[in-house]
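What follows is the residue order along each chain.
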Amino acid sequence: MTTVDLPLLPLGRGTDRTSERGVECPGDLPAPSDPGLVERARAAKEALGDRVFVLGHHYQRDEVIAFADVTGDSFKLARDAAARPEAEFIVFCGVHFMAESADILTGPDQKVVLPDLAAGCSMADMARLAQVEDAWDALADAGVVDSVVPVTYMNSSADIKAFCGRNGGVVCTSSNAEVALEWAFEQKPDAKILFLPDQHLGRNTAVQKMGLTLDDCVVWNPLRPGGGLTPEQLRDAKVILWKGHCSVHGRFSPAVVDELRATIPGVNILVHPECQHEVVLKADLVGSTEFIIQTIEAAPAGSSWAIGTELNLVKRLANAHPDKNIVFLDKTVCYCSTMNRIDLPHFVWAMESLVAGTVPNQITVDPETEKWALVALERMLALPGRTQKD
Ligand code: SF4
């Protein structure tokens, strides 16, 4: 089967139903106001028993997390799914690239279901394979492609991971990006890195963790001819950052950090490395979602925290730790809109479809893409000193 191409339409814009997949679900999508949704979800899960394994990403809504067998970030969840070969169905409450990774890492008989196909990731969608191949051609024209090692963040489509696998590169997570970049620099003399698709994680890792300068990094803009860079700039750069970002983490601003420091005495600023470099520079602690959770769990009672990550997780942490003062690092409410596509009606619809004997919204990666994506993922698993915090 082929990998499904899923361009997102910005929410509220466009009416192309073939592009806004997931808007229509075959069968009856329950109404959000249905008072029986919780009971229906519980009954469907009970009916499926061990045949189903439900994964809940940290950024999911509470109403969905309530039915997750495990919670975690994308790579932890894919590994959790791989560790449950007896589960016939993996219901992935997360976004599309995560379900692809689960399909790659699970057995051929396991079926991965995404309750709403419109749950994409705007960051992953910012690097399309054809665009990356164009950039690769430009690197060849500049005479540097033989020294380039592509590194892609977990938050990318399977075909971008496969591109990295085919071209000597690797996948990284937000907690092992530094090790991955160190590995990449060791692969070739005068190695350069093409970092996909999150410019902020790439820049924060290169500059804050590895001691490179901002001038060592250039940004490849896929929407401009030649990426908006000259061949000389490509030759001089040590890290070529893809111009992608997370629409949630990219919102946090240094000005709000200053404001919170002025209004909350002793506040600790804790952010995800997908945030802008200027925000990371002002933070006290920077790390993956697992790091953020562990930091709050270990924090003393009475301490104050402003957290720069997705709002569902921040709210859940605040509720779980009423003895600590936890606030969101933004003045406006901002959930990940695509994560939030997975709501209780879609979850119930997917689970009841499985009970009825149909597999809705199955995510499959074609064998060739899977083979090369697995190469890049296995290179990551073999990285030296890799931490367990993904
Ligand atoms: S939080 Fe950002 S990176 Fe994560 S799924 Fe949403 S848009 Fe993508």
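For clarity, every value in this text was computed on a predicted model and none was experimentally measured.

Enquirer: For the overall build of the protein, give the residues involved together with the corresponding values.
Expert: A tally of regular secondary structure across the protein gives 15 helices and 13 strands. Rg of the C-alpha trace for the protein: 21 Å, near the compact-globule value of 21 Å for 390 residues, within the 12% margin. By principal-axis analysis of the C-alpha atoms, the protein measures approximately 60 × 55 × 45 Å. Burial analysis of the protein (390 residues in total) assigns 49% to the buried set.

Enquirer: Explain the sheet that holds strand β10 (residues 268-271) residue by residue, including any values.
Expert: Spatially, four strands are ordered β11-β10-β12-β13 in an open sheet, and the strand pairing comes out parallel. The sheet is open, and its two borders are formed by β11 (285-286) and β13 (325-328), each paired with just one other strand. Across the sheet, helix α13 (residues 311-320) touches β12 (304-308) and β13, and the angle it forms with β13 is around 165°.

Enquirer: Pulling in residues and values, what's your account of the site of the ligand?
Expert: Around the ligand, the structure places 13 residues, and the nearest of them are Cys 121, Met 123, Cys 246, Val 248 and Cys 336. Here the residues of the shell around the ligand sort into eight nonpolar, four polar and one charged.

Enquirer: Tell me what's going on with the pairing of β12, and back it up with residues and numbers.
Expert: Of all the five residues making up β12, four are buried; the element is thus mostly covered by neighbouring parts of the structure. Direction of pairing for β10 relative to β12: parallel, over a ladder of four bridges. Of the residues in β12, the one forming a bridge with Asn 268 is Trp 305. The pairing of β12 with β13 spans four bridges and is classified as parallel. In the strand pairing of β13, Ala 306 is matched with Val 327. A crossover connection joins β12 to the parallel β13 through α13; in handedness this β-α-β unit is right-handed.

Enquirer: An account of the environment of Phe 195 is requested, with residue identities and associated values reported.
Expert: With respect to the helices and strands, Phe 195 occurs in strand β7 (residues 192-196). Residues Phe 195 and Val 375 lie 180 residues apart in sequence; the distance between their C-alpha atoms is 17 Å. Filtering out sequence-adjacent residues up to four positions away, Phe 195 remains in contact with Val 151, Gly 202, Val 239, Ile 240, Leu 241 and Trp 242.

Enquirer: Can you break down helix α7 (residues 177-186) residue by residue, with the values?
Expert: When α7 is considered as a whole, its buried residues turn out to be Ala 177, Val 179, Ala 180, Leu 181, Trp 183 and Ala 184. Close packing links the buried residues of α7 with β5 (148-153), β6 (170-172), β7, α8 (199-209) and α15 (367-381).

Enquirer: How would you explain the domain arrangement of the protein if you had to name every residue and give the values?
Expert: Domain annotation for the protein reports domain 1 (37-120 + 338-359), domain 2 (124-246 + 372-381) and domain 3 (249-328). On a C-alpha basis, the centres of domain 1 and domain 3 stand 28 Å from each other.

Enquirer: Explain the packing of α7 against α8 to me, using residue names and the numbers behind them.
Expert: The interhelical angle for the contact between α7 and α8, taken along N-to-C directions, is 75°, at an axis separation of 10 Å. When the axes of α7 and α8 are compared, the pair comes out roughly perpendicular. Seen from α7, the contacting residues are Ala 177, Glu 178 and Leu 181; seen from α8, they are Leu 201, Thr 205, Ala 206 and Lys 209. Grouping the amino acids of the contact of α7 with α8 by side-chain chemistry returns four nonpolar, one polar and two charged.

Enquirer: Can you explain helix α6 (residues 158-166)? Please cite residues and give values.
Expert: The buried fraction of α6 is high, at eight of nine residues. Inspection of α6 places Ala 158, Asp 159, Ile 160, Lys 161, Ala 162, Phe 163, Cys 164 and Gly 165 among the buried residues, and these make up the whole buried set. If you follow the buried residues of α6, they end up packed against α4 (96-105), α5 (129-141), β5, β6, β7 and α15. In the stretch just after α6, Gly 168 is the one whose phi turns positive, near 75°.

Enquirer: For the sheet that holds strand β8 (residues 217-220), give the residues involved together with the corresponding values.
Expert: Strand order in the open sheet formed by five strands is β6-β5-β7-β9-β8, with parallel pairing between adjacent strands. Each edge of the open sheet is held by one strand with a lone partner, namely β6 and β8. Each strand axis lies, on average, 25° off the axis of its neighbour in the sheet, ignoring direction. Here β7 pairs with strand β9 (residues 239-242) via three bridges, running parallel. Bridge assignment links Leu 194 to a residue of β9, and that residue is Ile 240. Of the strands in this sheet, β5, β7, β8 and β9 are in contact with α8, which crosses β9 at around 155°.

Conventions used here
Residues numbered from 1 in each chain as written. Predicted model: local features only at pLDDT ≥ 70, side-chain atom pairs only at ≥ 80, totals over all residues. Helix = DSSP H or I, 4+ residues; strand = E, 2+ residues; numbered from the N terminus. Rg over C-alpha atoms; globule rule 2.2 N^0.38 Å. Buried ≥ 20, exposed ≤ 12 C-beta atoms within 10 Å, placed from the backbone. Pairing = 2+ DSSP bridges. Contact = placed C-beta atoms within 7 Å. Axes fitted to C-alpha atoms, helices over the stretch in contact; angles between N-to-C directions. Near = placed C-beta within 6 Å. Nonpolar A, V, L, I, M, F, W, Y, C, P; charged D, E, K, R; others polar. Right-handed = clockwise from strand over helix to strand, strands pointing away. Domains from an automatic or database assignment. Parallel < 35°, antiparallel > 145°, perpendicular 65-115°, else oblique.

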